[in-house]
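Structural overview
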Amino acid sequence: MARLGLIAGNGKFPFLVLDAARAQGYEVVVAAIREETDPGIESKGASAVYWLSLGELSKLIETFKREGVTRAVMAGQVKHKQIFSSIKPDWRLAKLLLSLGTRNTDSLLGAVAKVLADEGIVLENSTALLEPLLAKPGALTRRAPSEVERKNVEYGRAVARQLAEYDIGQTVVIAESACVAVEAMEGTDATIARAGEIMRSLEGEASTLERALTVVKIAKPAQDMRFDVPVIGLATIETMKSAGASCLAIDAGRCLLLDGDVIVQAADAAGICIVGE
């Protein structure tokens with residue numbers, strides 16, 4: 001059987017890749033990140049699971065080589081703030097970090113991918129095994145965006161496209177064509193929650209802002225589908241409900257719906273529309 005390495009971050013994404021790979025006949029060797037990966041990964045039928053701390057790049061390479069892995073997938077988030085806190089780089093990663101001009105996700109993971117390739121381990125698109133879960137174009141929910149929400153989506157996408165190349169702003173939250181919140185290191189759900197707090201802080205009933213929020217999540221202009229792929233899950237819908245957000249716009253073909261149709265059903269129940277652009 002063909003062997004596939006899985007570098008597993010947090011959340012559900014690594015579990016979906018593992019299940020899909022096994023269903024397609026792969027033996028999967030998991031490199032689980034001790035600071036991020038759900039321990040439940042050990043009970044999901046991988047050929048082997050190795051636990052590595054952030055920064056142990058040499059150990060990752062040695063593990064995959066020992067297991068005969070020449071193809072690998074990165075799946076699951078590693079929180080951006082971990083780069084500045086939990087990470088304890090070994091000599092190989094320390095050398096790589098010193099060579100970077102900027103320490104954003106693209107530059108760091110791109111450099112890691114090159115080091116792996118130099119060692120004979122090719123990183124493949126993390127969505128290759130999960131094509132059915134990529135967002136389709138058009139309204140995914142029963143309700144399509146209203147005229148106000150459509151204007152918010154157009155403005156939000158224009159803002160996000162300008163910011164995303166700097167590795168920020170992949171998620172922006174808009175009200176009445178005004179930008180309420182921009183994502184930085186905190187992640188999508190925390191950005192949405194912060195936007196809700198801002199709107200609740202507005203005094204009085206009257207406001208020049210329509211209180212309902214529109215969330216726009218895009219892929220980067222030159223999104224590398226090997227890593228840091230935009231994803232949404234049920235938690236995103238729950239956070240939107242709490243924040244008072246009524247519309248979610250995502251990139252068709254470049255954003256994963258981790259919970260599949262269950263996300264759409266939850267959005268319908270909450271009166272939230274989801275649209276693929």
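First, a word on what this report is: a plain description of the structure on this page. (Residues numbered from 1 in each chain as written. Predicted model: local features only at pLDDT ≥ 70, side-chain atom pairs only at ≥ 80, totals over all residues. Heavy atoms only, no water.)

**Brief notes about the pairing of strand β13 (residues 273-276)**
This is how it is decided: Each residue is assigned to one of three classes by its accessible area relative to the maximum for its type, calculated with a 1.4 Å probe on protein chains only: buried under 20%, partly exposed between the two thresholds, exposed over 50%. Counting from the N terminus, the helices are the DSSP runs of H or I reaching at least four residues and the strands are the DSSP runs of E reaching at least two. Paired strands, as defined in this entry, are two strands with at least two bridges between them according to DSSP.
In β13, alternate side chains face the same way, and those of Cys-273 and Val-275 on one face and Ile-274 and Gly-276 on the other are all buried. In the sheet, strand β6 (residues 138-139) pairs with β13 via two bridges, with the strands oriented antiparallel. Bridge pairing links Gly-138 to Gly-276 in β13.

**Observations regarding the packing of helix α3 (residues 91-99) against helix α4 (residues 105-118)**
Definition in use: Axes, fitted as lines to C-alpha atoms, cover a helix only where it is in contact. Angles between the N-to-C directions of the axes lie from 0 to 180 degrees. Orientation is classified from the angle alone, with under 35 degrees giving roughly parallel, over 145 giving roughly antiparallel, 65 to 115 giving roughly perpendicular, and any other angle giving oblique. Helix crossings fall into two classes, left-handed where the near helix is turned counterclockwise from the far one by less than a right angle and right-handed where it is turned clockwise. Any two residues whose heavy atoms approach within 4.5 Å at even a single point are treated as in contact.
Two elements in contact, α3 and α4, have axes whose closest approach is 10 Å; the angle formed by their N-to-C orientations is 130 degrees. Taken together, α3 and α4 sit at an angle that is classed as oblique. For the element pair α3 and α4, the recorded crossing hand is right-handed. Two secondary-structure elements touch here, α3 through Arg-92, Leu-93, Leu-96 and Leu-97 and α4 through Leu-108, Ala-111, Val-112 and Val-115.

**Concerning the environment of Val-215**
Of note, Val-215 is situated in strand β9 (residues 213-217). Considering only alpha carbons, one finds Val-215 and Val-173, 42 residues apart in sequence, at a separation of 4.6 Å. Setting aside its immediate chain neighbours within four residues, Val-215 contacts Thr-171, Val-172, Val-173, Ile-192, Met-240, Ala-245, Cys-247, Leu-248 and Ala-249.

**Concerning the packing of helix α7 (residues 234-243) against helix α8 (residues 261-270)**
Rules: For this scheme, ten residues count as nonpolar: Ala, Val, Leu, Ile, Met, Phe, Trp, Tyr, Cys and Pro. Four count as charged, namely Asp, Glu, Lys and Arg, and the remainder, Gly too, count as polar.
Where α7 contacts α8, the axes come no closer than 9 Å and their chain directions differ by 15 degrees. With respect to α8, the element α7 is oriented roughly parallel. Seen along the crossing, α7 lies across α8 with a hand that is right-handed. Across the interface between the two elements, Leu-234, Ile-237 and Lys-241 of α7 pack against Val-262, Ile-263, Ala-266, Ala-267 and Ala-270 of α8. Here the residues of the contact of α7 with α8 sort into seven nonpolar, no polar and one charged.

**So, the pattern of salt bridges**
Put simply, the rule is: Salt bridges are counted wherever a side-chain nitrogen of Lys or Arg sits within 4 Å of a carboxyl oxygen of Asp or Glu.
Taken as a whole and judged by the stated rule, the model has 16 salt bridges. Among the salt bridges present, the one from Asp-224 reaches Arg-226, with a minimum N-O distance of 2.7 Å. Across the pair Asp-251 and Arg-254 runs a salt bridge whose closest N-O atoms are separated by 3.6 Å. The class for Asp-251 is buried, based on a relative accessible area of 5%. Via salt bridges that share partners, Arg-3, Glu-27 and Glu-67 belong to a single interconnected network.

**Thoughts on the sheet that holds strand β4 (residues 71-75)**
Strand order in this open sheet of five strands is β3-β2-β1-β4-β5, and the pairing throughout is parallel. Each edge of the open sheet is held by one strand with a lone partner, namely β3 (48-52) and β5 (122-123).

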